[in-house]
Amino acid sequence: MPLICSPWLYVIVFVAVTVDGFFPIVPSETVVISLGALSATGSPHLLSLMAVVVAGGVAGDRVSCVLGRKAGSRMSSGKLAAARQRAERALRRYGAVTILVGRFLPYGRTATGMMSGSVRMPVGRFSLYSALASLGWAIYVIGLGRLGGMAFSHSPLLGTACGLLIGMTLAAVCALVEKRWTAARRRRTTVPASRPVPASLR
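The structure presented is a predicted model; accordingly, all values stated were derived computationally and were not measured. Throughout this description, residue numbers start from 1 for each chain and increase along the sequence as written. Local features in this predicted model are restricted to residues whose pLDDT is 70 or higher, and side-chain atom pairs enter the listing and the counts only when it is 80 or higher, whereas totals over whole chains, interfaces and linings include all residues. The basis for every side-chain value is the complete set of heavy atoms in the structure, and neither hydrogens nor water enter the calculation.

1. Details of the packing of aromatic side chains
Stage number 1. Geometry of aromatic contacts follows a simple scheme: Phe, Tyr and Trp rings, the Trp one being its six-membered ring, pair when their centres are within 6.5 Å, and the pair is stacked under 30 degrees between planes, edge-to-face over 60, tilted otherwise. Scanning the model with the defined rule gives one aromatic pair in all.
Stage number 2. Pairing Phe104 with Tyr140 gives two aromatic rings, centres 5.5 Å apart and planes at 75°, and the pair type is edge-to-face. Of this pair, Phe104 sits in the loop between α5 (97–102) and α6 (108–118) while Tyr140 sits in helix α7 (residues 123–151); the two residues are 36 residues apart in sequence, bridging distant segments of the chain.
Stage number 3. Burial classification: accessible surface area is computed with a 1.4 Å probe over protein chains only, and a residue below 20% of its type maximum counts as buried, one above 50% as exposed, and the rest as partly exposed. Look at Tyr140 and you get partly exposed, because its relative accessible area is 25%. Strands here mean DSSP runs of E at least two residues long; helices mean DSSP runs of H or I at least four residues long; both are numbered from the N terminus.

What follows is the structure, given as structure tokens:
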């Protein structure tokens with residue numbers, strides 16, 4: 001495949017990862033896992049792919065943060081609105097560490113980036129955590145693809161499918177854990193509307 005060996009591939013990956021940071025229609029995770037599997041054959045180059053994914057992650061986060069500064073309050077419905085509310089609570093309670101965790105949750109990257117802009121997080125601090133999150137995500141996603149590619153070196157497509165399956169399974173588990181943790185926290189903070197008065201006090 002000529003495109004796999006072309007420098008334009010890295011441009012496409014950079015654009016896909018960047019856009020996914022503020023317009024998550026087609027997750028860039030699928031593209032990166034697929035290329036991670038193919039990198040087991042020698043092309044694309046592993047370190048070059050890693051660098052491009054990290055750069056795209058930082059660029060996309062920056063755009064998301066800028067959009068959050070300008071229009072974060074307009075996200076009032078849909079999945080992004082729910083993710084935005086979770087991100088806001090987490091940012092207020094846990095601070096910038098939320099950016100690291102949010103990268104691995106569905107819609108978490110976009111939500112935390114925009115909320116960081118909405119709450120006016122200092123640019124330097126946000127950029128540092130964005131770079132760390134991008135590096136961690138790149139290692140994780142490319143590693144999934146690479147693992148599948150090495151396991152099925154005779155068939156890159158099977159390697160890609162294996163990496164995607166592992167990635168979707170882990171994402172589903174993380175989403176389930178986050179959902180149950182949120183529900184448990186809500187139950188702990190709920191104050192009963194009324195309590196029965198003991199008979200001895202009547």
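That was the structure; now back to the text.
2. So, the confidence of the model for the protein chain
Stage number 1. Here pLDDT means the predictor's own confidence in every residue, given as a number from 0 to 100. Averaged over every residue, the pLDDT of the protein chain is 77; the share at 70 or more is 65%.
Stage number 2. When the elements of the protein chain are averaged for pLDDT, helix α8 (residues 156–189) gives the smallest value, 65, and helix α1 (residues 8–20) the largest, 93.

3. Some words on the side chain of Thr112
Stage number 1. Within the element layout of this structure, Thr112 appears in helix α6.
Stage number 2. There is a polar contact of 2.7 Å between the side chain of Thr112 and the backbone oxygen of Gly108. The term polar contact refers here to a pair of N or O atoms within 3.5 Å; inside protein, the definition further demands a hydrogen-donor-capable atom paired with an acceptor-capable atom, and it admits residues adjacent in sequence only when both atoms are side-chain atoms.

4. Here's the deal with the pattern of salt bridges
Stage number 1. In what follows, salt bridge is the name for a side-chain nitrogen of Lys or Arg lying within 4 Å of a carboxyl oxygen of Asp or Glu. For the coordinates displayed, the defined rule picks out two salt bridges.
Stage number 2. Across the pair Arg103 and Asp61 runs a salt bridge, and its minimum N-O distance is 2.1 Å. Here Arg103 is found in the loop between α5 and α6, whereas its partner Asp61 is found in helix α3 (residues 46–71), with 42 residues between them in sequence. With respect to burial, Arg103 and Asp61 carry one shared label: buried.

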